[in-house]
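# Geometric and topological summary
Residues per chain, in single letters:
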Amino acid sequence: MGNPVVQRRMLKVSGLAILLALWWIGGYLIARNPATKSFASFGLVPTIKVIPALWEAGKIQSAVLASGRRLGTGLLIAIVIGVPIGILVGRSKRFRNFSNSPFQFLRMISPLSWTPLAVLVFTSWDQSIVFLIAIASVWPVMFSTAAGLAKVDPAWFKVARNLGAKPRHLLTRIILPAITFDVLTGIRLALGVAWIVLVPAEFLGVTSGLGYAIENAREGMEYAHLMAYVLVIGAVGYVLDGVCVMLIRRFSWRHGN
Amino acid sequence: MGIRGVQIKIEGLTHRYSSRGPVTFNRVDLEAKPGEALAIIGRSGCGKSTLLHIIAGLLRPTEGTIRLDRVLVEGPSPRWVMMFQAPHLFPWMKVAQNVGVGLGFGRWSKNEIRERVAEALRLVELQGFAESNVQDLSGGQQQRVALARSLVMEPELLLLDEPFSALDAFTRSSLQHDVRSITKRLGINLVIVTHDIDEAVLMADRALIMAGSPGSIVHELDVDLPDPREREDPAVQALRAHLMAAFQEAASVKPHASGDGGQHESVSEDKSFANMN
Ligand SMILES: Nc1ncnc2c1ncn2[C@@H]1O[C@H](COP(=O)(O)OP(=O)(O)OP(=O)(O)O)[C@@H](O)[C@H]1O
Ligand SMILES: [Mg+2]
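Every residue gets a number counted from 1 within its own chain, in the order that chain's sequence is written. The naming scheme follows written order: chains are lettered A onward, ligands numbered 1 onward. Only residues with pLDDT of at least 70 get local features here, since the model is predicted, and only at 80 or more are side-chain atom pairs given and counted; chain-wide, interface and lining totals rely on the full set of residues. Hydrogens and waters are ignored; side-chain quantities use all the structure's heavy atoms.

### Points about the domain arrangement of chain A
Residues and elements named next belong to chain A. What counts is decided by this rule: Domain delimitation in this document rests on an assignment produced automatically or drawn from a domain database. When checking whether two residues touch, look at their non-hydrogen atoms; a contact exists if any pair is within 4.5 Å. A simple way to read buried area is as the amount of 1.4 Å-probe accessible surface that goes missing from two parts once joined, with both sides added. Just to be clear on terms, a salt bridge is a Lys or Arg side-chain nitrogen sitting within 4 Å of an Asp or Glu carboxyl oxygen. Distance and chemistry together define a polar contact, namely a pair of N or O atoms within 3.5 Å, with one atom able to donate a hydrogen and the other to accept it when in protein, and with adjacent residues in sequence counting only for side-chain atoms on both sides. For this classification, the nonpolar set comprises Ala, Val, Leu, Ile, Met, Phe, Trp, Tyr, Cys and Pro, the charged set comprises Asp, Glu, Lys and Arg, and every other residue, Gly included, is treated as polar.
Parsing chain A into structural domains produces domain 1 (1-40) and domain 2 (43-251). Relative placement of domain 1 and domain 2: their C-alpha centres are 29 Å apart. On the domain 2 side, the residues contacting the 8 residues of domain 1 number 9 residues. Carbon and sulfur atoms supply 76% of the area that domain 1 and domain 2 bury against each other, a total of about 700 Å² over both sides. At the boundary of domain 1 and domain 2, one finds 0 salt bridges. Joining domain 1 to domain 2, the criterion identifies 1 residue pair in polar contact (both at pLDDT 80 or more). Of the residues in the side of domain 1 that touches domain 2, the class split is 5 nonpolar, 2 polar and 1 charged.

Pasting the structure below:
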């Protein structure tokens, strides 16, 4: 009992248990009230009951896969653009001064408000969704990278140059390892935002993915299915965040101090 | 190992940080024989660190030249390596990786790097710490890692900028002794900047006093003492007193004085220098 690891586990599990209990109570109350009885399948028990059938039919897997592909592509684009620009922002004062206002301005625009524009510009719904995810996640990655670079000790560059480092060494041996922690932290934030943007974006035109599945279930009034997908969204997001936290622990030299 | 040092020849070195800013130092001339150990002492702000950075090729002089064995210094090189006041280790690397980092910038095979790192760690007596995190080392151990990181390059010239001033007296004293014996054994040139008169007497073959604003070398003194040198040795004490007197006299050098041997005014009333060691 005195073991802190066990204690932490127990706390985590009981937090989740309370959440499920609240859900169950809510469903029970809805089912008991004649006025809301037709929404009873939003409850915990009906939801849990439909999950095996959805899984058997491969519907959960294919929805997660479709959403995951869009999320992964969007996030990758955000990283490929965000990290180099973040390095530039952090490294060059001139570029920082030049780019700060436009970036802050763009960052403040809600990602979903780009939707009409994305739909006009891109030929497929898929591309539009990937664009929305990319533009939502590029900012946390970029600003986190820049902030990481600002914390890099300038003396490290001096030491490295002094020992014969060429410019590419400064990038690969000093800058990148020094900011891994901050880049991963940025990716973790980006993942949270992207996951939130993904579902409403999939309410648009596409015919696959978790957002579509929810919208589809709502139209068919299959509320238990709807809640099953909501549950999956929560679970997948939770797992992805956990993976990020693990990577951050693994690749960060800061956790030592 | 034979003499691996270089002949240093510095001519008319002048520096200012900005084109309209003050002159940091003016027309400094300096020569050293291969394998010679120089100490530069002077009060804070007279330009010692700047001079060392220029010799290391990390800063460009405004005027003048530095030649090492007649090769013009135009940038940093593994052949002349500087060690700074703070260790500045890379916290994401283990001790051995930190020591080998400079070799990694060059064309060394993994095996060669491993061997040379092991040898450098032996030199600084940290062979048991190869796989330690640098954050877990004491200040003195970290500074020894920084020393190993410089020595592993097998430089011909080692430049030290007040490397031990942040350490406790015991660690400082043992490192002073170690650095002198290592550089003497390898035959490499040493230039050490220090506030500490004792350090100059214990480590150098020749002590240079830098003073004035803009700074210049106003006095020099041969430290002709046998090794190993002990602080309590009367000969060391005598040289120390001698150097202290010269240092105090240098303190009376007025701004814009030229560097022609410190034959200026009388000894300063300013006794604050007596507490500098
Ligand atoms: N980056 C810089 N830009 C402008 N001026 C500088 C810079 N670095 C140092 N200086 C100035 O140049 C002069 C010499 O500085 P330097 O650091 O070489 O002195 P120092 O002799 O090493 O002093 P200390 O003993 O305190 O380390 C000082 O007046 C300092 O204010
Ligand atoms: Mg200095």
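Moving on, there is more to tell.
### Re the site of ligand 1
Residues and elements named next belong to chain B. As a reminder, the rule being used: Residues are labelled near a given molecule or strand when at least one of their non-hydrogen atoms is within 4 Å of it. Calculation of accessible area relied on Shrake-Rupley with a 1.4 Å probe; when residues are assessed, cover is drawn exclusively from the protein chains displayed. Put simply, DSSP marks the helices as runs of H or I at least four residues long and the strands as runs of E at least two long, and each gets a number from the N terminus on.
Near ligand 1, the surroundings consist of Tyr17, Thr24, Ser44, Gly45, Cys46, Gly47, Lys48, Ser49, Thr50, Glu162 and His195. At a separation of 2.7 Å, an oxygen atom of ligand 1 approaches a polar side-chain atom of Lys48. Between an oxygen atom of ligand 1 and a side-chain N or O atom of Thr50, the distance comes to 2.4 Å. Contact with the protein chains covers 55% of the free accessible surface of ligand 1, which is 630 Å². The greatest single-element share of the shell around ligand 1, amounting to 3 residues, is contributed by helix H1 (residues 48-55). Split into classes, the residues belonging to the shell around ligand 1 amount to 2 nonpolar, 7 polar and 2 charged.

### Considerations on the domain arrangement of chain B
For an interface, size is often stated in terms of accessible area lost upon the parts coming together. Residues and elements named next belong to chain B. Parsing chain B into structural domains produces domain 1 (8-79 + 159-274) and domain 2 (89-154). The C-alpha centroid of domain 2 is placed 27 Å from the C-alpha centroid of domain 1. Here domain 1 meets domain 2 over a buried area of about 850 Å², counting both sides, of which 77% is carbon and sulfur. Counting the surface domain 1 buries against domain 2, the share from its top three residues, Pro78, Leu175 and Ile182, is 43%. One can count 0 salt bridges joining domain 1 with domain 2. Here domain 1 and domain 2 share 1 residue pair in polar contact (both at pLDDT 80 or more) between them.

### Remarks on the confidence of the model for chain B
Detailed reading of the predicted coordinates is not advisable wherever pLDDT is low. Residues and elements named next belong to chain B. Spelled out, the test is: Known as pLDDT, the predictor's per-residue confidence is scaled from 0 to 100.
Residue-level pLDDT values for chain B average 85, and 90% of them are 70 or greater. Segment residues 255-277 is flagged for pLDDT under 50; beyond a separation of four residues in sequence, or across chains, it makes 38 contacts in the model. Interface confidence for the predicted complex, given as ipTM, is 0.80, next to a pTM of 0.78.

### Thoughts on a nonpolar patch on the surface
All names here are of chain A. The criterion, for reference: What goes into a patch is any residue over 30% in relative accessible area without a salt bridge, connected to like charges within 9 Å or, for nonpolar side chains (Val, Leu, Ile, Met, Phe, Trp, Tyr), within 5 Å. With a 1.4 Å probe rolled over the protein chains alone, any residue whose accessible area is under 20% of its type maximum counts as buried; one over 50% counts as exposed, and the rest are partly exposed.
Together, Ile18, Leu22, Trp24, Ile25, Tyr28, Leu29 and Val45 make up a nonpolar patch on the protein surface, roughly 700 Å² of accessible area in all. When residues of the nonpolar patch are assigned to their parent elements, the largest contribution, 6 residues, is made by helix H1 (residues 4-32). Checked against the element boundaries, Ile25 lands in helix H1. You can call Ile25 partly exposed: its relative accessible area is 40%.

### What to know about the pattern of salt bridges
All names here are of chain B. Within the structure shown, the criterion is met by 18 salt bridges over all chains. Two residues, Asp227 and Arg180, come together in a salt bridge whose shortest N-O distance is 2.7 Å. Note that Asp227 is positioned in the loop between strand E10 (216-222) and helix H7 (234-251) and Arg180 in helix H5 (residues 169-186), a separation of 47 residues in sequence. By relative accessible area, which is 45% here, Asp227 ends up partly exposed. Residues joined in a network through salt bridges with shared partners are Arg180, Lys184, Asp205, Asp227 and Arg229.

### Notes on the nonpolar core
Our working definition: What makes a nonpolar core is a set of buried Ala, Val, Leu, Ile, Met, Phe, Trp, Tyr and Cys residues whose side-chain atoms join them at distances within 4.5 Å.
In this structure, Val99, Leu157 and Leu243 of chain B are the most contacted members of the largest nonpolar core, which totals 156 residues. Among the elements that make up this core, the one with the highest residue count is helix H8 (residues 167-202) of chain A (16 residues). The contact partners of Leu157 of chain B, leaving out residues within four places of it in the chain, are Val6, Ile8, Ile55, Leu68, Arg79, Trp80, Val81, Asn189, Leu190 and Val191 of chain B.

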